Structure formats: C-alpha cells, structure tokens
Amino acid sequence: MNSFISWVGGKKALRDEIVQHFPFHYDRYIEVFGGGGWVLFHKQPRGDFEVYNDFNGLLVNLFRCVQNRSKARRMKKLLKYSLNSRQEFDRIRKVMNDPNARMADYRRAAYYYQLIRYSYASGLDSFAAQPHDIRSDFPIIDMATARLANVVVEHGSFERVIRHYDRPTSFFYCDPPYHDSEKFYKNVGGFDIRKHILLRDTLLSINGLFLLSYNDDEFVRKLYDCKGIYLLEKKRPHNMRQRFESGAEFPELLIANYDLNDPSQLLMGQTTLFNMNGGLLQP
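Anyway, here's the lowdown on the structure attached to this text. (Residues numbered from 1 in each chain as written. Predicted model: local features only at pLDDT ≥ 70, side-chain atom pairs only at ≥ 80, totals over all residues. Heavy atoms only, no water.)

Points about unusual backbone geometry
The following threshold applies: Note on conventions: DSSP H or I runs of at least 4 residues are helices, E runs of at least 2 residues are strands, and numbering of each starts at the N terminus. Each residue's exposure class comes from its accessible area (1.4 Å probe, protein chains only) as a fraction of the maximum for that residue type: buried when under 20%, exposed when over 50%, partly exposed otherwise.
Even without a glycine there, the phi angle at S122 is positive, about 55°. Among the secondary structure elements, S122 is positioned in the loop between α6 (105–118) and α7 (138–147). We classify S122 as buried; its relative accessible area is 7%. With phi around 55°, A129 is a residue other than glycine that occupies positive phi space. Tracing the sequence through the fold places A129 in the loop between α6 and α7. In this structure A129 comes out as partly exposed when scored by relative accessible area, which is 46%.

Here it is as structure tokens:
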C-alpha cells in the first residue's frame, strides 16, 4: 500500500528495489528514519515485530494519531472542514511555528497534515496552490490506521533506537538525510557530518542486519569502505531535473552488512526459488 503522506526524501520510487533486497531471515523490523513510511507501508506484514521511528516530533505525533482510531476519527473531522487557501495555510503555519501554542494532539496532527498536503513538494513552507479535496485522502488514512495497529511508533535519536532494538534477529532499514541535502529535512535536529559518521559507527557495531539507502557520492562511498560492507548501485527518476531533461536519473546506493548480490540471503531470492518449486510464499 502507499503511505498516507508524501515526504521529502520519500522512497516511493525505490521501494520495490529496497524491499526486494531485504534479508530473508529476521523477526524484528526497525525503520530508523521513518519519514513518510513508504517502505514500511510497502513491505508485507509477516508477523514480525515492527518499529517506526523518527526524530521529527510533529511527524511522530501525526503517525501516532493516525494509528489511534479515535484520534484519527477526530483528526478527519477537523480536516473535513479545512480550507485549501493561502490564508488558511499561512494561519496554520504561524500557529505551528509558535512554541507557546497549546492544542490537542489530534488537532496538531490535523494541522501538520494540512501543511504537508497543501505545501509545495510537501516542503511545509510555501503554499502549493493546487486544487485538492482533502476528504479524498480519508480512505488511505483509514488504511494507514489499520496497517499501523501493531507497529511501535518511536520518537528518538537513531543511535538510541538502534542500540535499544539491536538483537541478532533484528533488521534495521535506514534512510537518513542525504549527504549535502540535509537542509531540506525539517525538524531533524541538525544532521551534519558528525551524525553521518556516528550512524556509520553505530551500524558497524550492531549484532543484527542493516540496509541503508544513500545518495551515491564520494563521501558516502569512503565512509562505508569497510570490511563486510556491501554496496549496490541503483538509480531512480530525478523528479526535479526531469522537468528540463527527459529521462534524468538520480544515482543511489544501497549499503548493507550482508551480500546484496546473493539471492539465497535475500527476500526476493527466497521468493523466486520457492515459487519455482510450485510453492506459495507469504513474506
């Protein structure tokens, strides 16, 4: 299924490739930089313990309210009467930027959803001026409520969450702010070079498995030029450049501490082998 929100750095275009390169054996799935949750929503529930985490408190509050049926219902009631207008967008943005503003969590979630939905490229800053009936989003919000029912929603730093949930059977999917693009991510507490290095050091020390998606540049390649680490080049459509250059693509890297080219270790490899034998596998 799709996520109920678009998000800066969301993995809608790459989610198939990412899930196909999941390891086959794990029983804990932790999405460390949750964002819009495009990978979480795309992966098939398989009875594993699932965790969504993000450092952005407003985003986590939105996910928690959508997860809760009662709060999701109240949130939709507020959204039902929302206005798609520049004046309303600016008013809500002013309220959300006021550190002294007090409101119920479901109202804050509804306001944040409006900013995401009505801003240009979901950037939260400028009004998109695009026609949209927000009530048409309610079915996918209802689907997200059902999908998140058994997911643990965390709000913490990546290092704390990784250390807390690390087990030999844990699998961490990490989609951090991309190198040299950190300024486009809101409310992440300043993700700088030191954080990129800390993420690397934290992942290299775990007992479980990890899969990391990054932009393909020299800094990232040098950072993960380590024994036992595997890199796989991928490309996705470059949405911004395609406006001016048809077919433009953005180079990405998948980075893992297991062999990304060994089908026997991957979810897609096990699925293919099982289906060749006439079986049906529920991932």
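Considerations on helix α5 (residues 86–96)
Quick note on the threshold: Picture the helix axis, draw a direction to every C-beta atom, and the arc is the one those directions span.
If you check which residues of α5 are buried, you get E88, F89, I92 and M96. Taken end-on, α5 shows its buried residues confined to a sector of 100°, consistent with a single buried face. Along α5, exposed side chains directed more than 90 degrees from the buried face belong to Q87 and K94.

Thoughts on the pairing of strand β1 (residues 28–31)
Note the cut-off: We treat two strands as partners when DSSP finds at least two bridges between them.
Bridge count for β1 against strand β2 (residues 49–53) is 4 bridges, and the pairing is parallel. Note on β2: the bridge partner recorded for R28 is F49. Here 4 bridges tie β1 to strand β4 (residues 170–174), and the two strands are oriented parallel to one another. Residue E31 lies in a different strand from β4, and its bridge partner there is Y173.

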